[in-house]
Amino acid sequence: MQIILKCPGCGAKLELDVVQAPGGVRCGRCGREMPVHLTPAVREDRVVDACPLCVGSDFYVRKDFDPKVGLTVVIIGALISAAFYFFGLDLIAYAILACAALIDLVVYSRLGDVTVCYRCHAEFRGAYRRTGGAFDLHTADLLEPEWERKIGRR
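Residues numbered from 1 in each chain as written. Predicted model: local features only at pLDDT ≥ 70, side-chain atom pairs only at ≥ 80, totals over all residues. Heavy atoms only, no water.

*Asks:* Sorry if this is basic, but what is going on with helix H2 (residues 67-86) here?
*Replies:* Residues separated by three or four positions in an α-helix point in the same direction, a consequence of the helix having 3.6 residues per turn. Between the first and last C-alpha of H2 there are 28 Å, a value that for 20 residues agrees with the 28 Å anticipated at 1.5 Å per step. When H2 is considered as a whole, its buried residues turn out to be Gly70, Gly77 and Ser81. Summarising the axial view, the buried residues of H2 lie within an arc of 35 degrees, below the 170-degree limit, and thus occupy one face. With respect to the buried face of H2, the exposed residues turned more than 90 degrees away are Lys68, Leu71, Leu79 and Phe86. If you follow the buried residues of H2, they end up packed against helix H3 (90-110). The first or second residue beyond H2 is glycine 88, which carries a positive phi of 80 degrees. (Helix = DSSP H or I, 4+ residues; strand = E, 2+ residues; numbered from the N terminus. Expected span 1.5 Å × (residues − 1). Buried < 20%, exposed > 50% of the residue type's maximum accessible area, 1.4 Å probe, protein only. Arc of directions from axis to C-beta. Contact = heavy atoms within 4.5 Å.)

*Asks:* Would you explain the packing of aromatic side chains in this entry?
*Replies:* The description of an aromatic ring pair uses the distance of the two centres, along with the angle that the planes make with each other. Under the criterion given, the structure shown has seven aromatic pairs. On the numbers, 4.9 Å between centres and 50 degrees between planes, the contact of tyrosine 60 with tyrosine 118 is tilted. Placement of the pair is tyrosine 60 in strand E5 (residues 59-63) and tyrosine 118 in the loop between strand E6 (113-117) and strand E7 (123-125), with a sequence separation of 58 residues. The pair tyrosine 60 / tyrosine 118 is uniform in exposure class, with both members buried. Ring plane angle 55 degrees and centroid distance 6.2 Å describe the contact between tyrosine 85 and tyrosine 94, whose orientation is recorded as tilted. Given the relative accessible area of 45%, tyrosine 85 is considered partly exposed. Among the residues examined, tyrosine 94 registers a relative accessible area of 47% and is labelled partly exposed. Ring pairing ties together the aromatic residues Tyr60, Tyr118 and Phe135, which thus form one cluster. One residue, lysine 63, lies across the ring of tyrosine 108, its end atom 5.9 Å from the ring centre. (Phe/Tyr/Trp six-rings, centres within 6.5 Å; stacked < 30°, edge-to-face > 60°. Lys NZ or Arg CZ within 6 Å of the ring centre and 35° of its normal.)

*Asks:* Honestly, the pairing of E6 in this entry has me stumped. Any pointers?
*Replies:* Consecutive side chains of a regular strand alternate in pointing toward one face of the sheet and then the other. Where burial is concerned, most of E6 is hidden: four out of the five residues are buried. Two strands pair when backbone bridges link them, and E5 and E6 are joined in this way by five bridges, in the antiparallel orientation. Paired with arginine 62 across the two strands is valine 114, which belongs to E6. Looking at chain direction, E6 and E7 are connected through two bridges and run antiparallel. Across the sheet, the residue bridging to threonine 115 is phenylalanine 124, located in E7. (Pairing = 2+ DSSP bridges.)

*Asks:* What's the story with the nonpolar core in this structure? I'm lost.
*Replies:* Among soluble globular proteins, nonpolar side chains are generally buried collectively. Residues Met1, Ile3, Cys51, Cys120 and Phe124 are the most contacted members of the largest nonpolar core, which totals 26 residues. Mapped by element, the contributors of at least two residues to this core are strand E1 (2-6), strand E2 (13-17) and helix H4 (137-151). Not counting residues up to four positions away in its chain, the partners in contact with cysteine 120 are Lys6, Cys51, Leu53, Cys54 and Trp147. By size, the runner-up hydrophobic cluster in this structure holds six residues, among which are Tyr60, Val114, Tyr118 and Ala140. (Core = buried A, V, L, I, M, F, W, Y, C linked by side-chain atoms within 4.5 Å.)

*Asks:* For this particular structure, what's the right way to read a nonpolar patch on the surface?
*Replies:* Together, Phe86, Phe87, Leu89 and Ile92 make up an exposed nonpolar region whose accessible area comes to about 470 Å². Relative to the assigned elements, phenylalanine 87 resides in the loop between H2 and H3. (Patch = residues over 30% accessible without salt bridge, like charges linked within 9 Å, V, L, I, M, F, W, Y side chains within 5 Å. Areas by Shrake-Rupley, 256 points an atom, 1.4 Å probe, with all protein chains shown as cover. Salt bridge = Lys/Arg side-chain N within 4 Å of Asp/Glu carboxyl O.)

The quantities given are spatial measurements derived from coordinates; they are silent on function.
Below you can see the structure in the form of structure tokens.
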């Protein structure tokens, strides 16, 4: 299992090796020490039952897709389409928009899932059984401030 932790101090992404994970991790950017608590299920890549950073048990599953890449594809398609639309080539302009959306959809559908912690936004990738549901805004609104108070951001 691959785990990406987000540093509570500076927001840097830190990769954690579950096989040789120590009892803590030090951020390379700000030097903050973070204790890490790995459960046996996480170590053995069976299921994500507790977050190693915030020790929370609330997770959601999303596609392992960088939204910035998807947005970039759509924006480039829209700009090219706008140029054709400006010159009166409406059908080509709409076809380019459709192609950009189709490329985005194909890439999105071929990617795997990633489990994310609601509190600290740690990401979990691996062959484990997915138990989290879809993202719930109400749950995020309750749990994110709790974590921010714990780390001293609020």
